[in-house]
Each structure stands twice: as C-alpha cells, then as structure tokens.
Amino acid sequence: MGAAGSKLEKALGDQFPEGERYFGLENFGNTCYCNSVLQALYFCVPFREQLLDYFANNKSIGDVEENLLTCLADLFSQISSQKKKTGVIAPKRFVQRLKKQNELFRSYMHQDAHEFLNFLLNELVDILEKEAQAVKSDPETSSPSDKIANGPKNAQANGALKEPLVTWVHKNFQGILTNETRCLRCETVTARDETFFDLSLDIEQNSSITSCLKNFSSTETLNAEDKFFCDKCCSLQEAQKRMKIKKPPHILVIHLKRFKYIEQLGRYKKLSYRVVFPLELKLSNTMEDADSEYSLFAVVVHVGSGPNHGHYTFFGSAQEYSSNTDHGYILFYECLGSTSNKS
Amino acid sequence: MHSNANGMLSTAAAAASSANTAVQSPGLKTYFKTPEGRYKLHYEKTHPSGLLHYAHGKTVTQVSLAHLKDKPAPSTPTAPSSSFSSSSGVRSAAARLLGGSNGSRALSFVGGNGGSKINGGNSRIGSLGSSSSSNSMGSSNFDGKGSYLVFNVGDAIFISDLNSQDKDPIKSIHFSNSNPVCHAFDQDAKDGHDLIIGLISGDVYSVSLRQQLQDVGKKLVGAQHYNKDGSVNNSRCTSIAWVPGGDGTFVVAHADGNLYVYEKGKDGANDSSFPFVKDPMQFSIAHARYSKSNPLARWHICQGSINSIAFSTDGAYLATVGRDGYLRVFDYYKEQLVCGGKSYYGALLCCAWSMDGKYILTGGEDDLVQVWSMEDRKVVAWGEGHNSWVSGVFFDSYWSSPNSEGTGETVMYRFGSVGQDTQLLLWDLEMDEIVVPLRRPPGGSPTYSTGSQSAHWDSACPVGNLQPAPSTRDVPKISPVVAHRVHTEPLSGLIFTQESVLTVCREGHIKIWMRPGVGESQSNNSETLSSASFKEKPLFSSKVGSSSYKL
C-alpha cells in the first residue's frame, strides 16, 4: 500500500486521521508475510503505544542488546516519527534480526504470516520476561522495571511466588479458553484453562466468522478412535468436549485455517472459501456473563494458491475489507468494551 | 451415485424431459419438505452470462416481480396497437425473427404471457420441445397481462416471463454508463411509468415496463432520468421503492445515508440543491426550495449506507436499515422517526413488513433474522439458523396458519429468509409463545386496542427513541421450520407468490419453488393462478390494499 501513498492521502482527504501514518514496508524477497503482520500490529494502537513507551523508556538504558523487541520498537518509532503522512520504509534491521533469530524465516521460502505472528508475540513475551527476571535479581534498577513489564504481579519484589508474569503483550492479546470435557460414563466434567494469543478457526464455504466461532465452541463428541482418558473411570471413555471463551482478549486475533493438509496429495491445499467478517463482532464472556464488543481494525489477506506461493497484503480500511472475503487470513479486532447480560 | 456414463445419460434425459427444466447442481436437492408438504424446484431463470460486462464493478442481483394488467385502452399513447402497421409493431416482429440477437439462445415466447388467453398458460405444452417456440411467434405483443421477473446483473436489467419455462430472459436492457443495482415495480401505476431503476452512479430512471417489452433495442426507451450524472447525489443507489398510494411518488436510498423523495414524470430542473447535512449522526429532512423541483425532499437518515428500505402496506410507515446496524421506522407523512433499534452487532442488510403492519423482519451481519414488534417497539424474536449474513427476508402473505380458522387466539406468521450461506430458511412465528412472556413495554402498559395502531404506538414511548442492541438473554430464539441449500452461490433475495417461492443468488440465477400441491395438478393452469394472484395483491409489488390476514 506504500506506493499508493499519495493517492491514499488524497482519497482520505479531511478524514485522514490526525497524527496517523500510513507507511508501506519494502519487500525484500519473500518478506510480505512479515510486512503484512507488522502493518497490522502497527495499526493496533494500544500495542503500538505500549511498544513506543517501552522504547522511550529503554533508550535511556542505552546499551541493551539488540533483540526482536528493540528492533520492532525501533521500526515503529521510525514510522511514527516520519514527517510525511504516507510513504515507504524498509524494515531491514528487523528482518535481519528475525533471520538471525530463527532459521525458519532465514530462507527465501515463503513463510506463513500466522506462524510469524505467533513466533513474534511469543518472542516478545520471552524477552520481556527475561528482562523482568533480570530486574528482579537486581533490585537496584527497579524504577524502569515497572514500565517495562507493568503487570500487577510484577510489583512483588521477591520473586518467591511463581506467578506467571503478565506483560503488556499479554494484556493486549491474551485470552483464556476453558476446555470442558464431560465423560459420558461417569458424567464428570474436567475443565482445563488454556491461554491463547489468537483463535484458529476451521472454515466452511459461504460462512461467516460468527458461524465459525459458533462451531469452534460447539460440542464435539470424542468416540471411536478418539476417546478421552477419564481420570475417574481410569480408562478411555466416550466424552463430550467443548471450548468456551472464559476471558476474551483485548485484541482478538482470528486466524482462518485456510491451509488444509490433504493426505492424498501430501501437501497443504488452500481453501479459497468465501468467509464474510463483520466490522463489529460480539463474543460472550462466560465468566462475567457479558458480551465483549469488538471492532475490526486490520486484516491480513493471503492471495494465491498455496502456503508456499502467493502474496500477503494488509488492509486497514472498511472499503477494502468487503472485497476480500475469499482471502481474509488473519483478522484483528479490538475490544470496545463489554455490555452486561444481567438485566 | 451415477457412473460417468450414466451421468451423461441422465443429463441428456433431463434436457429431453423438460417437465423440470432445472439443471441439477451437485449436492443440491430439487425439493424440500415442510410441515405442509414438498416444495419442488419447478424451473430456473438465468441470463446469458457471456454477455456481461463488469466494467463498473460487480453488483448483487436483486429481483422484482411485475404483474402487468390488461392494457387499459388502445388509446394509450405509450404503447402501439398490436397491428403490424405500427412501426413499433414491425420492429418487434423483426426482433422475433432475428431471435438470437438477445443472447446465446433464441428469443422465445413459449408458454409465456401471450396476449391471447389460448397462449397464456401453456407452460406445459411449450416445454415439450424447444422447437415449438416458432409456433407462438407473433402471438405476444405484450398488450395483455402477464407476470414478469425484473432482475439486474452486471450492467444490464433482464426481464423474464415468470410463467414460461424458458430459462433465458425475453429482454435485456444495457446501461452503458453504470450498473443498475435496485429496482421496483408499481402494479397500481395509473399511467405510463411503473418501473423505477437505481444505478451505482446514483442516477435513477423511471420507465414503462410494457414499453420496454415492446421495444426490440437493448436500451431503455421512453425513460425519465432523475439525478442525472449524480447531480443531486452521486453515491450509489442502494434501495428504491414506490410510495404505496403515493400517486407516483417514489423514494431512493443511497449509500451515503440519504434518501430522496421523487415525483415521477416531473422534470427536475437544475434547482434541486439541498443544504449541507450539518450533523451526519442526526436525522434531518430538507425540502426543495422550489415547487417544481425533483427530488422534492431529502431525508438524511444515518451515517453510512442505507442498505434497504420498505414501506408498510398502507404506505404510512417507512422502515430503513443500514450500515450502522439500526432499524428505523418513520411516519412517512409526518416525516418523523417513530421507533427503531440496533442489531445484535454489525450492519443490517434487509427488511420487510408483515402485511398487517405489526411486525418488521430484519436480517444482517450478525447472521440473525430479527422480528421487530411495532406494538412493543422492540425485538421480540431472534431467528437463529443462518451460517452467514442474512441478505433477504420476507413474510409469506399467502400462507395461512393451519389453526387460524379455529379459536383465533393463536396468530401465526410464516416468513422466509435467505443468506450468504446459500440457504433458504422458512420460519413459523407463533405470537402467543413469543410475545406474551416478554411484554415489558418501555412506557407503561399498552392497551391492546385493535383500532388505530399508529395513535397507540405514538403514545407508548417518546418519538424517535432508538433501542440499543438487546442482550442475548432478553430475546427469545426461534429455529427454522426448514433449512434448504438452494444455490451454490450466496443468495440475495426471495419473493413469495401465490403458487411459489422464488430465490435469487447474487450472480443472477433465479429458482422457482412450487408450493406443495401446486406443481402437479395445476401446472397446466398457470393462467388462472396468475390472475388469482392479481386479486390477492402479491406481496412484493403490492403497496396498496388491505391486509390479507385474518386476525
């Protein structure tokens, strides 16, 4: 979208968001999977702001070793400090760092945007956790630590309690799922909580995200080859399983499973199904009995026939969304708040 | 099921035995069962797809049902007499001889709404062999009555004869400058123009349907052009409707949240400018400064697109749905917002009134069919069953509840919905179950007077009060009676007629599903059926007239 910069500026006219920057990222050899995700993350305002805050606070520390977090922060601050409103930037340092870090992304093979997003978020969390740990073991430099990882759990100076650290990456992206399994013999319900950064949904032809989400949390029977080991019965039993969203995330990332492994072919096939996604969405929160309301802010689109081919692009405006229902790959929704169901 | 060879054979057989001309798409059944019996796929209507131009962008097909009455008197200037001495008659005869000029297949009037009664209802006969088309040549000059389907695909408007089994349209009209996106037919039009068409460019045309049928060209003839080149509003038309009993007035909704009121046949000079909309969030009405202006008024309804509009049968109320997810109900003559409410989430895409004006259906991006009660001024039921966005809703005004003759206590409504999930769903709404446990009107307890509804509604809650999105717990859910996958492409609309249900997909393929019992015994008899449907005022195009409900 970088090349169309000035055109975009003209098109948006008065509606050009105050202080917003629309920058394209230069593609150097199969890095569009990475660029499209970085674009989407840049348009994730709370994430961007917290990253820039982090960058501002860490500048003073100075000689932090270069890692993906600092490279990403550096890239975002480059974009946001541009004088022009639109243009193109080459995320060279970030991509170099990425390739250094993970051999998967080193080759010129085409990579999956969803895998990259997953890798990046987990990597950021690792870095933040390591930093927080380093701070804990060295209480002298405690002042910037609150800002690095401003989770409430971090306040405990003595890391005696092994509470999982809640970083601002968690605060933005993490949700909690409850995996409920009911043994059909003894009726015991086993509930297990899992955290997630994104929801991977199975898709069907001519369906909607609402319907895919419904299927995701619908009841599934485990039987035949796929029985459940019940702790109470101490044996494999038929069971019913369902996934409930216990705590919806602030940023809801939905990944559409467009690449399906076809055993006969021995490779992945792309499902070019038409899956429509509304600009607004509601998720029910089983814990608080409330609906969380979401608004779509970015879409990563995959155009092409397979996982090793094709092109990723990013869309950030409503007009563009509507024509991309056959190719929408990762959807980014931000929570606007929640409305209680109690009346 | 079949081997390949068999499959070929059966295709050939299907082509030969034309009793059901439906081409069977894989995995799609040609019937569906309901409590009252089987609906069978009777025939399909489509268009010569090779001729389409998508130069102006793809558009979604909408379909209008048009019933032409017998031509009132030969003195009408717009239509020539059937005599061949009239130049127009000669041209139309030439068209028949030239046949295929209209598409891949020959123009054919087989089994159509020919002017004479002999030819009127011979769909069975005509279908016995396609070669018989020549037999009926010259029989039709479109002077008589007939039922037609008007639908838009790409840059064209197609017109098909509803009572013929011929798949191809009998007429195509191409627009060179922009694509038509919405249209409406007024069967009670007193004179001349009865068909209105809205374009992507914002331009609007009114024409006489009969005159189009009689002309052989591929352009609109005798058209009146409104909002020329988008001079009043250049955003796309989204929905268009005649005002029931409005004496030739019609309204056009646009993608920028504005709606315009026009008077047909009035030449809008260049003086139809309206003041700038001060607050795009607020409903406001501006009237034209000069009495000669056309459009007469601009209603600014909402921010973002108005996606669909519908008048109540008596023309008193106008319902709109839009991008902002709100259903709004206006008192059309008072020009006031009466009530409305928000979807669960996302835009609303379609809306329709019950014949008695008591309920409004909406469908939208939350995959729900909502039932809005005018009495309660809120959503009284959610229909859950679509797996994607709901693109069309309609009440079946011809359906009579099996127990309606009895005590009269239970009022039942049948309605249908279609969605982008390619499904047609039919629903039964039993108001005793739905409404009574839920009645919590916002302003005091309403009285259930059967008298003037509007007076009663106006006192129930403050004018212009829009309800927020209801929460899942407060709305009773209903499930469909039938769910049937009818096409391979997302659906865009449906129409109920006396003898059938029509479904249309976005790409412009129409399927006609005969009601239980109609297909077999009465298929030779479509003339009587179609004239019966006249008296009954078909739901789609009838805007005036009393309710057909027994309440």
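Since we're looking at a predicted model, the values are computed, not measured.

**Some words on the overall build of chain B**
Link 1 in the chain: On a plain count of helices and strands, chain B comes out with nine helices and 32 strands.
Link 2 in the chain: Classification of the 551 residues of chain B by burial places 52% in the buried group.
Link 3 in the chain: Contacts in chain B between residues far apart in sequence, at least 24 positions, make up 61% of those at least 6 positions apart.

**A look at the overall build of chain A**
Link 1 in the chain: For chain A, the helix and strand inventory stands at 10 helices and 18 strands.
Link 2 in the chain: Counting every position in chain A, which comprises 343 residues, the buried fraction comes to 34%.
Link 3 in the chain: Pairs at least 24 residues apart make up 66% of the contacts formed inside chain A by residues separated by at least 6 positions.

**A word on the UniProt feature "repeat: WD" (unreviewed entry) in chain B**
Link 1 in the chain: UniProt marks residues 341-382 of chain B with the feature "repeat: WD" (unreviewed entry), using the numbering shown here.
Link 2 in the chain: End C-alpha to end C-alpha, residues 341-382 of chain B measures 13 Å, and it is 0% helix and 60% strand.

**Digging into the pairing of strand 23 (residues 378-384) of chain B**
Residues and elements named next belong to chain B.
Link 1 in the chain: For strand 23, the buried fraction is high: six of the seven residues fall into the buried class.
Link 2 in the chain: Relative to strand 23, strand 22 (residues 368-373) runs antiparallel, the two sharing six bridges. When the sheet's bridge partners are listed, Gln370 is paired in strand 23 with Trp382.
Link 3 in the chain: The hairpin turn running from strand 22 into strand 23, its antiparallel successor, is four residues long, and Arg377 in that turn takes a positive phi close to 55°.

**So, the environment of Thr320 of chain B**
All names here are of chain B.
Link 1 in the chain: Inspection of the secondary structure puts Thr320 in strand 17 (residues 317-322).
Link 2 in the chain: Thr320 gets classed as buried once you count the C-beta atoms within 10 Å, which come to 27.
Link 3 in the chain: Along the chain, Thr320 and Cys350 lie 30 residues apart, while their C-alpha atoms are 8.5 Å from each other.
Link 4 in the chain: Apart from residues lying up to four places away in sequence, Thr320 is in contact with Ala253, Ile301, Ile306, Ile309 and Arg328.

**Quick word on the interface of chain B and chain A**
Link 1 in the chain: Listed per partner, the contact involves 17 residues of chain B and 17 residues of chain A.
Link 2 in the chain: Grouping the amino acids of the side of chain B that touches chain A by side-chain chemistry returns four nonpolar, seven polar and six charged.

**Brief notes about the environment of Asp203 of chain B**
All names here are of chain B.
Link 1 in the chain: Summarising the element assignment, Asp203 is placed in the loop between strand 8 (195-199) and strand 9 (204-207).
Link 2 in the chain: Taking the C-alpha atoms as reference, Asp203 lies 8.3 Å from Asn233; in sequence the two are 30 residues apart.
Link 3 in the chain: Here Asp203 is in contact with Ser178, His225, Asn227, Lys228, Asp229 and Gly230, once residues within four sequence places are set aside.

**Overview of unusual backbone geometry**
Residue and element names in this part refer to chain B.
Link 1 in the chain: A cis amide bond, omega 0°, links Asn294 with the succeeding residue Pro295.
Link 2 in the chain: Within the secondary structure layout, Pro295 lies in the loop between strand 14 (284-287) and strand 15 (297-300).
Link 3 in the chain: Of note in the backbone geometry, Glu335 takes a positive phi value of approximately 55° without being a glycine.
Link 4 in the chain: Summarising the element assignment, Glu335 is placed in the loop between strand 18 (326-331) and strand 19 (336-342).
Link 5 in the chain: Overall, the presence of 14 C-beta atoms within 10 Å leaves Glu335 in the partly exposed class.

**Thoughts on the sheet that holds strand 28 (residues 477-478) of chain B**
Strand pairing in a sheet is mediated by backbone hydrogen bonds. Such pairs are either parallel or antiparallel.
All names here are of chain B.
Link 1 in the chain: Here five strands make up an open sheet; going across it, the order is 20-21-22-23-28 and the pairing mixed. The open sheet has two free edges, formed respectively by strand 20 (348-353) and strand 28, since each of these has just one partner strand.
Link 2 in the chain: Bridge analysis of strand 21 (residues 359-364) against strand 22 gives five bridges, and the strand direction is antiparallel. By the bridge assignment, Tyr359 is partnered in strand 22 with Ser373.

**With respect to the packing of helix 2 (residues 32-42) of chain A against helix 6 (residues 113-137) of chain A**
All names here are of chain A.
Link 1 in the chain: Look at helix 2 against helix 6: their axes get within 9 Å of each other, and the N-to-C directions meet at 60°. As the angle between them shows, helix 2 and helix 6 are arranged oblique. Of the two possible hands of crossing, helix 2 and helix 6 adopt the one that is right-handed. In contact with Tyr33, Cys34, Ser36 and Val37 of helix 2, helix 6 contributes Ala113, Phe116 and Leu117.
Link 2 in the chain: Residue composition of the contact of helix 2 with helix 6, grouped by class: six nonpolar, one polar and no charged.

**A short note on the confidence of the model for chain A**
Residues and elements named next belong to chain A.
Link 1 in the chain: Per-residue confidence for chain A averages 80 on the pLDDT scale, and 76% of its residues sit at or above 70.
Link 2 in the chain: The weakest mean pLDDT in chain A belongs to helix 7 (residues 145-148) at 43; the strongest belongs to strand 11 (residues 251-256) at 96.
Link 3 in the chain: Within the model, pLDDT remains below 50 along residues 1-5, and this stretch shows 14 contacts once partners closer than five positions in the same chain are excluded.
Link 4 in the chain: Under a pLDDT of 50 for its full length, residues 141-161 has, in the predicted model, 32 contacts with residues more than four places off or in other chains.

**As for the nonpolar core**
Link 1 in the chain: Judged by nonpolar contacts, the single largest core of 186 residues is most densely connected at Val37 of chain A together with Val150, Val251, Val252, Ala319, Cys351 and Leu361 of chain B.
Link 2 in the chain: For this core, the element with the most residues is helix 6 of chain A, which contributes nine residues.
Link 3 in the chain: When residues no more than four places from it in sequence are discounted, the contact partners of Val150 of chain B are Val63, Ser64, Ala66, Ile157, Ile159, His183, Phe185 and Leu195 of chain B.

**Details of the environment of Ala469 of chain B**
Residue and element names in this part refer to chain B.
Link 1 in the chain: One can find Ala469 in the loop between strand 27 (465-467) and strand 28.
Link 2 in the chain: A C-alpha to C-alpha distance of 36 Å links Ala469 and Leu195, two positions 274 residues apart in sequence.
Link 3 in the chain: If sequence neighbours within four positions are ignored, Ala469 has contacts with Lys342, Ser343, Tyr344 and Tyr345.

**Considerations on the sheet that holds strand 2 (residues 37-45) of chain B**
All names here are of chain B.
Link 1 in the chain: Pairing in this open sheet of five strands is antiparallel, and the strands run 1-2-32-31-30 from one edge to the other. Since the sheet does not close on itself, it has two edges, and those belong to strand 1 (31-34) and strand 30 (491-496), each with one partner. Across the sheet, the axes of successive neighbouring strands diverge by a mean angle of 25°, strand direction being ignored.

**Observations concerning the confidence of the model for chain B**
Residues and elements named next belong to chain B.
Link 1 in the chain: Of all residues in chain B, 66% attain a pLDDT of 70 or more, and the chain-wide mean is 76.
Link 2 in the chain: Contacts for the low-pLDDT stretch residues 1-23, under 50 throughout, to residues beyond four places or in other chains number 19 contacts.
Link 3 in the chain: Across residues 114-139, confidence stays below pLDDT 50; counting only partners more than four residues off in sequence or on other chains, it has 55 contacts.
Link 4 in the chain: Model confidence for the complex is summarised by a pTM of 0.80, with the ipTM given as 0.85.

**Re the pairing of strand 19 of chain B**
Residue and element names in this part refer to chain B.
Link 1 in the chain: As paired elements, strand 18 and strand 19 share six bridges and run antiparallel to each other. Within strand 19, the position partnered with Tyr326 by the bridge is Lys342.
Link 2 in the chain: The turn linking strand 18 back onto strand 19 is made up of four residues, and Glu335 within it adopts a positive phi angle of 55°.
Link 3 in the chain: Inspection of the sheet shows strand 19 paired to strand 27 by three bridges, in the parallel sense. Of the residues in strand 27, the one forming a bridge with Cys339 is Asn465.

Each value, and the rule that gives it
- Residues numbered from 1 in each chain as written.
- Chains lettered and ligands numbered in written order.
- Predicted model: local features only at pLDDT ≥ 70, side-chain atom pairs only at ≥ 80, totals over all residues.
- Helix = DSSP H or I, 4+ residues; strand = E, 2+ residues; numbered from the N terminus.
- Buried ≥ 20, exposed ≤ 12 C-beta atoms within 10 Å, placed from the backbone.
- Contact = placed C-beta atoms within 7 Å.
- UniProt positions renumbered as here; feature names shortened; annotations may be inferred.
- Pairing = 2+ DSSP bridges.
- Nonpolar A, V, L, I, M, F, W, Y, C, P; charged D, E, K, R; others polar.
- Axes fitted to C-alpha atoms, helices over the stretch in contact; angles between N-to-C directions.
- Parallel < 35°, antiparallel > 145°, perpendicular 65-115°, else oblique.
- Left-handed = near helix turned anticlockwise from the far one by under 90°.
- pLDDT = per-residue confidence, 0-100.
- Core = buried A, V, L, I, M, F, W, Y, C linked by C-beta atoms within 7 Å.

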